[in-house]
Amino acid sequence: LPFNLASIGVLDIVHLLCKQQQRVVAKVSEKVEFVGPLLERILAPLIEASALRLVYGGPEVGAELAARSEFSHVHLTGSSRTATAVAQLVGQEKLTAELGGVTLAIVFPDALSTEPNRRDVARQIAFGALANNGQHCVSFQIILVPAPDRTHFEQLLSQEFRLAVSRGGRSDVGRRLVVAGAARRLEAWTANLAAEGAQLSPERPRADSEYFPACLIQGFDEKMRIFKEEAFGPVVGLFPLPAEGFEPQALAIANSTHLSGDLGISLFTARPHSPEIQRIAQELRHGIVTVNTYPGVAFATSVPWGAGPGQMSGNGWVHNYAFLPE
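Described in the following lines is the structure provided in the data block. (Residues numbered from 1 in each chain as written. Predicted model: local features only at pLDDT ≥ 70, side-chain atom pairs only at ≥ 80, totals over all residues. Heavy atoms only, no water.)

**Section: the sheet that holds strand β12 (residues 264–268)**
Here's step 1: Taken in spatial order, the seven strands of this open sheet run β8-β10-β11-β6-β5-β12-β13, and their pairing is mixed. Either end of the sheet is taken by a strand with one partner, and the two such strands are β8 (199–201) and β13 (288–291). Direction aside, the axes of adjacent strands within the sheet are offset by 20° on average.
Here's step 2: With three bridges connecting them, β8 and strand β10 (residues 215–218) associate as antiparallel partners. Note on β10: the bridge partner recorded for Q199 is Q218.
Here's step 3: In this fold helix α6 (residues 115–130) packs onto β5 (103–107), β6 (140–146), β11 (235–241) and β12, with an angle of close to 160° to the strand it touches most, β6.
Here's step 4: Helix α8 (residues 180–195) contacts β6, β8, β10 and β11 of the sheet and is inclined by roughly 25° relative to β11. (Pairing = 2+ DSSP bridges. Helix = DSSP H or I, 4+ residues; strand = E, 2+ residues; numbered from the N terminus. Axes fitted to C-alpha atoms, helices over the stretch in contact; angles between N-to-C directions. Contact = heavy atoms within 4.5 Å.)

**Digging into the pattern of salt bridges**
A side chain with one charge can pair with a side chain of the opposite charge if their charged atoms come near.
Here's step 1: Applying the stated criterion to the full structure yields 14 salt bridges.
Here's step 2: A salt bridge links E154 to R150; the shortest N-O distance between them is 3.5 Å. Here E154 pairs with R150, and both are found in helix α7 (residues 150–166), just four residues apart, close to one helical turn.
Here's step 3: Among the charged side chains, a salt-bridge network with shared partners connects D110, E247, R271 and E276. (Salt bridge = Lys/Arg side-chain N within 4 Å of Asp/Glu carboxyl O.)

**Let's talk about the sheet that holds strand β3 (residues 74–77)**
Here's step 1: The strand order across the open sheet formed by three strands is β3-β4-β14, and the pairing between neighbours is mixed. Lying at the two open borders of the sheet, with one neighbouring strand each, are β3 and β14 (314–315).
Here's step 2: For strand β4 (residues 95–98) and β14, the ladder comprises two bridges, and the chain directions are antiparallel. Note that in β14 the partner of E98 across the bridge is G314.
Here's step 3: Relative to the sheet, helix α5 (residues 80–90) contacts β3 and β4, its axis offset from that of β3 by approximately 175°.

**Section: the pairing of β10**
Here's step 1: The alternating pattern of β10 places C215 and I217 on one face and L216 and Q218 on the opposite face, and all of these are buried.
Here's step 2: Summarising the sheet, β10 and β11 pair through three bridges and their orientation is parallel. Among the inter-strand pairings, L216 is bridged to a residue of β11, identified as V236. (Buried < 20%, exposed > 50% of the residue type's maximum accessible area, 1.4 Å probe, protein only.)

**A word on the environment of A97**
Here's step 1: Of note, A97 is situated in strand β4.
Here's step 2: Measuring from C-alpha to C-alpha, the distance between A97 and L193 comes to 29 Å, with 96 residues separating the pair along the chain.
Here's step 3: Apart from residues no more than four positions distant in its own chain, A97 is found in contact with H75, L76, S313, G314 and N315.

Fair warning: the whole summary comes from geometry, so function is off the table for now.
Quick look at the structure:
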């Protein structure tokens, strides 16, 4: 089970029991073992019926479980590195996985045509970047914006970041991550981007225990790690594109092999029902495409959830109840 959202684990358990007709052994993430007793109370009837058992421990327990031959299926929500290790143990055919990735938001020029529209888009982007402090599998990490609007949109997004941070507690040091190690990793991650020439705001973000500041990144290119590696924290990059030819350029980047991950993507536009936007949505090779909202809304409303056809973000339709029998 993942550490970041308890409902993912509950939905996976129910899906495996009711859709796959399998008994389930679920390992609680060692980062949030406090949720285990709560899940045991919620799912007590399933445990009493010997349909479910929750177990505890670190990566070594997960590795031991995955290696046991009696399990006919293994599912994980986590990192690509973990999925690769599990696949080597069990084989790809026994594995389903949801691995997250680098999530794009494409802000079309028409979405920024009025000041109220610009503020609304900036607020949606801030929410998508900072919900759960960026620790969601579809947290916005790169925002494609028209170059003529970049400066003004940056100012609005910075305002929304400050507003969100001021409501989150400990605003002097930033957003709380799951453990101090995650904050230190993000400090090294952003320092690497700065060393390669990216501009950061704040200029030198620092970890403070498990806290890390909400960070806006600019001046990067498609070869940098921000395109290739999920930050899993409160950071977002603005990537300007020329207004002329914006749509084909944005589509090319979204479907590019430079972008690591194909779980979800969002389009922001004032013409959501136009043939052009509908065509672009259909051409995007991502599992979830949302228009004028954060991709996590699709998970919350139980749209079938999974990676795109390239399977960069996993394989199989996972943790949803849309496919469950009546």
